[in-house]
Amino acid sequence: MKIVVLNGSPRQGNTLAAAKAFTTALGPQHSFEIIDTYKLKVSPCVACLQCQNTKGCIEKDDSNMIVDTLVAADMIVFASPVYWWGLSAQLKLVIDKMYCKAAQMKGKKIGVIVVGGANTDSEQYKLIEDQFRMMGNYLNWDIKFHKSYSATKPEEIMFNEAAMEELRLIGEAM
């Protein structure tokens, strides 16, 4: 299985550490790529609908490259810090651009890793989970996992043995 992890954090901290805990446990039958969305040049969607006529975004940025990578993947893992009760803008830009090939995104296996500063019973995690559930319903996604973690200090999640083990077990089970 080809797995693409979209890292929505511009820091090399908790979100990336959580994503790496998952990927390091993947078996040799899988290939994976971690893409740092903050390094991409993706312009906001302007709802021009030209993508429906041109089979891709008309912007001269990384939109088509990243969406084509996601279309070719068997599984997409969205990893994001919580920014203002939602996903990071860097990750949301990529998600918005997925619209241009939404029909080809149907039926994907999906994973979600969210790291925020609040306790995991906070409403912010439910809002993000609901967003992915709704996208999943629309695109008939097979959401394999959705995990939320709390970490308020840099690299704190790496010392959360239960979280790291849980992500490794998820990776091993793929």
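In short, a report on the structure.

What counts and what doesn't
Residues numbered from 1 in each chain as written. Predicted model: local features only at pLDDT ≥ 70, side-chain atom pairs only at ≥ 80, totals over all residues. Heavy atoms only, no water. Phe/Tyr/Trp six-rings, centres within 6.5 Å; stacked < 30°, edge-to-face > 60°. Core = buried A, V, L, I, M, F, W, Y, C linked by side-chain atoms within 4.5 Å. Buried < 20%, exposed > 50% of the residue type's maximum accessible area, 1.4 Å probe, protein only. Helix = DSSP H or I, 4+ residues; strand = E, 2+ residues; numbered from the N terminus. Salt bridge = Lys/Arg side-chain N within 4 Å of Asp/Glu carboxyl O. Contact = heavy atoms within 4.5 Å. Pairing = 2+ DSSP bridges. Right-handed = clockwise from strand over helix to strand, strands pointing away. Axes fitted to C-alpha atoms, helices over the stretch in contact; angles between N-to-C directions. Parallel < 35°, antiparallel > 145°, perpendicular 65-115°, else oblique. Left-handed = near helix turned anticlockwise from the far one by under 90°. Nonpolar A, V, L, I, M, F, W, Y, C, P; charged D, E, K, R; others polar. Expected span 1.5 Å × (residues − 1). Arc of directions from axis to C-beta.

Some details on the packing of aromatic side chains
Alright, step 1. Counted according to the given criterion, the structure contains 4 aromatic pairs.
Alright, step 2. Members of the aromatic cluster, joined through ring pairs, are F78, F132 and W141.

A closer look at the nonpolar core
Alright, step 1. Membership of the largest hydrophobic core comes to 30 residues, with the highest contact counts inside it found for L6, L70, I76, F78, I95, F132 and W141.
Alright, step 2. Where this core is concerned, the elements lending two or more residues are strand 1 (2-7), helix 3 (63-72), strand 3 (75-81), helix 4 (89-97), strand 4 (109-116) and helix 5 (123-139).
Alright, step 3. For this core, the element with the most residues is helix 5, which contributes 5 residues.
Alright, step 4. Membership of the second largest hydrophobic core comes to 21 residues, among which are V5, A17, F145 and L167.

Overview of the pattern of salt bridges
Alright, step 1. Within the structure shown, the criterion is met by 9 salt bridges.
Alright, step 2. For the salt bridge of K97 with D61, the shortest nitrogen-to-oxygen distance reads 3.7 Å. Highlighted residues: K97 in helix 4 and D61 in the loop between helix 2 (51-54) and helix 3, separated in sequence by 36 residues.
Alright, step 3. K97 sits in the buried class, given a relative accessible area of 4%.
Alright, step 4. Between D68 and K101 there is a salt bridge; the shortest N-O distance is 2.3 Å. Pair noted here: D68 is in helix 3 and K101 is in the loop between helix 4 and strand 4, with a separation of 33 residues, a long-range link.
Alright, step 5. Note on D68: relative accessible area 36%, which makes it partly exposed.

Digging into the environment of S43
Alright, step 1. In this fold, S43 is placed in the loop between strand 2 (31-36) and helix 2.
Alright, step 2. C-alpha separation for the pair S43 and S63, spaced 20 residues apart in sequence, amounts to 7.6 Å.
Alright, step 3. Not counting chain neighbours up to four residues away, the residues in contact with S43 comprise E59, D61, L93 and K97.

Quick word on the pairing of strand 4
Alright, step 1. Within strand 4, 7 of the 8 residues are buried, leaving the element largely enclosed by the surrounding structure.
Alright, step 2. The sheet contact formed by strand 3 and strand 4 spans 7 bridges and is parallel. Pairing of F78 across the sheet is with V112, part of strand 4.
Alright, step 3. Once the chain exits strand 3 it traverses helix 4 before rejoining the sheet at strand 4, and the crossover so formed is right-handed.
Alright, step 4. By the bridge criterion, 8 bridges tie strand 4 to strand 5 (residues 142-150) in an arrangement that is parallel. Residue pairing for strand 5: K109 is matched across the bridge by D142.

Some thoughts on the packing of helix 1 (residues 14-24) against helix 6 (residues 161-173)
Alright, step 1. Contact geometry for helix 1 and helix 6: axes closest at 6 Å, N-to-C directions at 40 degrees. Taken together, the axes of helix 1 and helix 6 are oblique relative to one another. Seen from above, helix 1 lies across helix 6 with right-handed handedness. Side by side, helix 1 and helix 6 meet where A17, A18, A21 and F22 of the first sit next to M164, L167, R168, I170 and G171 of the second.
Alright, step 2. Class assignment for the residues of the contact of helix 1 with helix 6 results in 7 nonpolar, 1 polar and 1 charged.

So, helix 6
The periodicity of an α-helix, 3.6 residues per turn, causes residues three or four positions apart to be oriented the same way.
Alright, step 1. Given a rise of 1.5 Å per residue, 13 residues ought to cover 18 Å, and the 18 Å separating the end C-alpha atoms of helix 6 matches this to within 8%.
Alright, step 2. Among all positions of helix 6, only A163, M164, L167, I170 and G171 are buried. Buried positions in helix 6, seen along its axis, are confined to an arc of 125 degrees and lie on one side of it. Facing away from the buried side of helix 6 by over 90 degrees, the exposed positions are E161, A162, E172 and A173.
Alright, step 3. Buried-residue contacts for helix 6 involve helix 1, strand 4 and strand 5.

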